[in-house]
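# Notes for the structure review
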Amino acid sequence: MNCEEPAVPLAGGFLGRQRHVCAFFDTRDDGYRILLPFVKEGLERGEKAIQIVDPALRDDHLARLSDVGIDVEAAQAQGELEVLDWKDTYLRNGSFDRRAMSALVEDMLSRTRAEGFPRARIIGHMEWALHDGSDLPALVEYEARMNDVLPRYDDPVVCAYDRCAFAAGTAMDVFRAHPVVLLDGTLQQNPSFLPPSRLIPRLHTGILAVLRDRYLTALVAGARPEALEIAVEEALSEDVPVPSLYLEVIQAAQYEIGRLWQEKRLTVAQEHLATEISRSAIELLRPHLPAQQRNGKRAVVACVEGELHDLGARMVADFLEMAGFEVHYLGADVPSESLAQLVRERRPDLLAVSATERSRLAALCRTVAAVRAVPGDRIPIAAGGQVFLRKSRPGRRLGIDMHARDASGLIAVARRFFEQGSTRP
Ligand code: B12
């Protein structure tokens, strides 16, 4: 942004560096009373005016511009005024695509410069989002992510909302997505503004709950294509972080499958079907995990002898790989002596062992003992799985070095462990 430029007046105040404005109006007349002087002043300064309006109200909009003395035809002919409608913009191709819309806004801003204007004043009327089938979470995410785009330009972008038409929850999220707000006719810095890095994870919390419920329904029905569509394609297209999909959708749904099985509302066969679908979902999501730089460390991940529950260990292996480890994943039911032999040969920097059932504790102890008997430097051992669900610090008694409740927790614990250079339990 060019800091030499004069501040832009709007609604009796001035826009500073932050120019992504959320304007809430009670009536259309209210909105025009405040925004028309803003449009006119920009045109008088030689700036471009771009407005995106309801196609049904386009003529009314042009008439209102004329009423304040704007020569609409001449301004349009000279490219100073562009009045677009929702069908050309937000709803291009029939529905809202936030990435396409963001690219379109960037294109408008670059084109404005290429045409020789110092900047554009863009106003978008947002009631298109109230139409049936509109994706309101996508709208909020679009508004949030525009805060990564717009600071590269100094063009004011005013998103005009009918305060009475939007549900309170949506209005609040939209409000939080704008650094500047125009409310009750007054322009102000928004004290509730959340930058995208803070707002988007909050939005995802809601999306995750919905995805989890829908994924679980598909699992219970054994509907593989639908389940994979929800947990993979749909979730990725919504930019939901893959680690959250592992833990808050797939793991959470698997726990529910276990509860339904325990209550005899699902058969063993239905549980098997669900688990195999979840295994496929993990396979498809794995390439999309955000990869950190290699850390030069090697990890071996295995389920203890007799332990058949292997999805948790699979997730642990994937999270370690994401964190930069070279991972050797051995899967279910690995006999203690055989695991110790592999440890002797490969000398991992970390051994992660998984146990679910109480009766596997003895096998876990045998594994720890066998690995501790391997000559040479002590190999750090992490243990986890549902056998520890009710134990907060199982380390000392079992002779392990690290424990965490889930795959994400292990990454944090392992990082601390290696940073401290610790080799003691
Ligand atoms: C699918 C399933 C099976 C399948 C497993 C297939 C497979 N390939 O995994 C089969 C049919 C084989 C099975 C068998 C049994 N099951 Co079962 N099963 C389940 C179910 C429904 C889902 C398991 C799952 O996928 N979880 C999702 C994963 C991602 O979660 P997770 O394992 O907890 O992993 C996370 C954390 O624990 C942690 N973690 C895991 N490992 C490690 C390792 C380290 C180092 C760290 C730090 C963290 C960590 O991080 C993981 C990722 O975040 C669970 C329900 C449940 N609550 O999980 C029951 C469940 C685990 N099963 C149960 C039981 C009782 C059995 C059987 C004894 C039934 C029987 N009578 O035969 C047998 C035992 C088999 C055996 N020898 O292991 C009980 C266990 C109760 C208990 N804790 O004692 C559960 C909880 C069902 C219930 N509600 O009662 N089961």
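Placed above this text is the structure.
Residues numbered from 1 in each chain as written. Predicted model: local features only at pLDDT ≥ 70, side-chain atom pairs only at ≥ 80, totals over all residues. Heavy atoms only, no water.

## Re the coordination of the cobalt atom of the ligand
Donation to the cobalt atom of the ligand from the protein comes from one atom only, His309 (NE2), at 2.2 Å. Within the secondary structure, His309 sits in the loop between β10 (298–304) and α11 (311–322). (Donors = N, O, S within 2.8 Å, 3.2 Å for Na, K, Ca; no water. Helix = DSSP H or I, 4+ residues; strand = E, 2+ residues; numbered from the N terminus.)

## As for the pattern of salt bridges
Scanning the entire structure with this criterion turns up 42 salt bridges. In this structure, Lys40 engages Glu44 in a salt bridge whose closest nitrogen and oxygen atoms are separated by 3.9 Å. Of this pair, Lys40 and Glu44 both sit in helix α1 (residues 28–44), separated by four residues, roughly a single helical turn. The partner of Arg113 in a salt bridge is Asp154, with the nearest N and O atoms 3.4 Å apart. With Arg113 in helix α4 (residues 98–114) and Asp154 in the loop between α5 (136–149) and β7 (157–162), this residue pair connects regions lying 41 residues apart in the sequence. For Asp154, a relative accessible area of 6% corresponds to the buried category. Among the charged side chains, a network of salt bridges with common partners joins Glu41, Arg45, Glu47, Arg113, Arg119, Arg121, Asp154 and Asp155. (Salt bridge = Lys/Arg side-chain N within 4 Å of Asp/Glu carboxyl O. Buried < 20%, exposed > 50% of the residue type's maximum accessible area, 1.4 Å probe, protein only.)

## Remarks on the site of the ligand
Within the structure, the ligand sits among 37 residues, and Gln251, Tyr255, His309, Ser354 and Gln386 are positioned closest to it. For the ligand, an oxygen atom lies 2.5 Å from a polar atom in the side chain of Tyr255. Within the backbone of Gly258, an N or O atom sits 3.4 Å from a nitrogen atom of the ligand. Of all the elements in the fold, those that place two or more residues in the shell around the ligand are α9 (242–262), α10 (268–285), α11, β12 (350–354), β13 (381–384) and α15 (407–419). Among the residues making up the shell around the ligand, the classes are represented as 14 nonpolar, 14 polar and nine charged. (Near = heavy atom within 4 Å. Polar contact = N/O pair within 3.5 Å; in protein donor to acceptor, adjacent residues only side chain to side chain. Nonpolar A, V, L, I, M, F, W, Y, C, P; charged D, E, K, R; others polar.)

## Brief notes about the sheet that holds strand β8 (residues 180–183)
Here seven strands make up an open sheet; going across it, the order is β5-β4-β6-β7-β3-β8-β9 and the pairing mixed. Since the sheet does not close on itself, it has two edges, and those belong to β5 (81–85) and β9 (186–189), each with one partner. In this sheet, neighbouring strand axes are inclined to one another by 20° on average, regardless of whether the strands run parallel or antiparallel. Relative to strand β3 (residues 20–25), helix α6 (residues 168–176) is tilted by about 150°, and along the sheet it contacts β3, β7 and β8. (Pairing = 2+ DSSP bridges. Axes fitted to C-alpha atoms, helices over the stretch in contact; angles between N-to-C directions. Contact = heavy atoms within 4.5 Å.)

## Details of the packing of aromatic side chains
Under the counting rule described, the total for this entry stands at ten aromatic pairs. Geometrically, the ring pair formed by Phe96 and Tyr142 is edge-to-face, given 5.5 Å between the ring centres and 90° between the ring planes. One end of the pair, Phe96, is in the loop between β5 and α4; the other, Tyr142, is in helix α5, and 46 residues separate them in sequence. Assessed through its relative accessible area of 5%, Tyr142 is described here as buried. (Phe/Tyr/Trp six-rings, centres within 6.5 Å; stacked < 30°, edge-to-face > 60°.)

## Some remarks on the nonpolar core
Core analysis: the largest hydrophobic core is formed by 55 residues, its most contacted members being Leu211, Tyr215, Leu219, Leu245, Tyr246, Val301 and Leu320. Breaking this core down by element, the ones donating at least two residues are α7 (196–221), α8 (224–237), α9, α10, β10, α11, β12 and α15. The biggest single contributor to this core is α9, with nine residues. Inspection of this core shows a minimum of three residues originating in each of domain 2 (199–287) and domain 3 (291–419). (Core = buried A, V, L, I, M, F, W, Y, C linked by side-chain atoms within 4.5 Å. Domains from an automatic or database assignment.)

## A few points about the sheet that holds β10
With respect to topology, five strands assemble into an open sheet ordered β11-β10-β12-β13-β14, the strand pairing being parallel. Where the open sheet ends on each side, the last strands, each with one partner, are β11 (326–334) and β14 (402–403). The pairing of β12 with β13 spans four bridges and is parallel. Directly across from Leu351, in β13, lies its bridge partner Ile381.

## Some remarks on the packing of α10 against α11
Across the interface, α10 lies against α11 with an axial gap of 11 Å and an inter-helix angle of 5°. With respect to their mutual orientation, α10 and α11 come out roughly parallel. For the pair α10 and α11, the contacting residues are Thr275, Ser278, Arg279 and Ile282 in the first and Leu311, Arg314, Met315 and Asp318 in the second. Partitioned by chemical class, the residues of the contact of α10 with α11 number three nonpolar, two polar and three charged. (Parallel < 35°, antiparallel > 145°, perpendicular 65-115°, else oblique.)

## Topic: the packing of helix α12 (residues 336–346) against helix α13 (residues 361–372)
Relative to each other, α12 and α13 sit at 35°, their axes nearing to 9 Å. At the point where α12 passes α13, the crossing takes the right-handed sense. Counted together, Ser336, Glu337, Leu339, Ala340 and Val343 of α12 and Ala363, Arg366, Thr367, Ala370 and Val371 of α13 form the full contact between these two elements. Across the contact of α12 with α13, the residue classes break down as six nonpolar, two polar and two charged. (Left-handed = near helix turned anticlockwise from the far one by under 90°.)

## Focus on the environment of Phe319
Assignment of secondary structure puts Phe319 in helix α11. Owing to a relative accessible area of 2%, Phe319 belongs among the buried residues under this scheme. Along the sequence, Phe319 and Thr217 sit 102 residues apart, while their C-alpha atoms lie 26 Å from each other. Phe319 has contacts with Pro243, Tyr246, Leu247, Ala407, Ser408 and Ile411, leaving out every residue within four places of it along the chain.

## Details of the state of the cysteines
All chains considered together, the criterion is met by zero disulfides. The cysteine Cys22 is free of any disulfide, with Cys159 supplying the nearest cysteine sulfur at 6.7 Å. There is no disulfide at Cys164, and the cysteine sulfur nearest it, in Cys22, is 14 Å away. When its relative accessible area of 60% is taken as the criterion, Cys164 is described as exposed. (Disulfide = S-S within 2.5 Å.)

## Describing the pairing of β13
As a general feature of sheets, a regular strand has side chains that alternate between the two faces. Here β13 shows two buried faces, one formed by Ile381 and Ala383 and the other by Ala382 and Gly384. For the segment spanning β12, α13 and β13, crossover handedness is right-handed. The pairing of β13 with β14 spans two bridges and is parallel. When the sheet's bridge partners are listed, Ala383 is paired in β14 with His403. (Right-handed = clockwise from strand over helix to strand, strands pointing away.)

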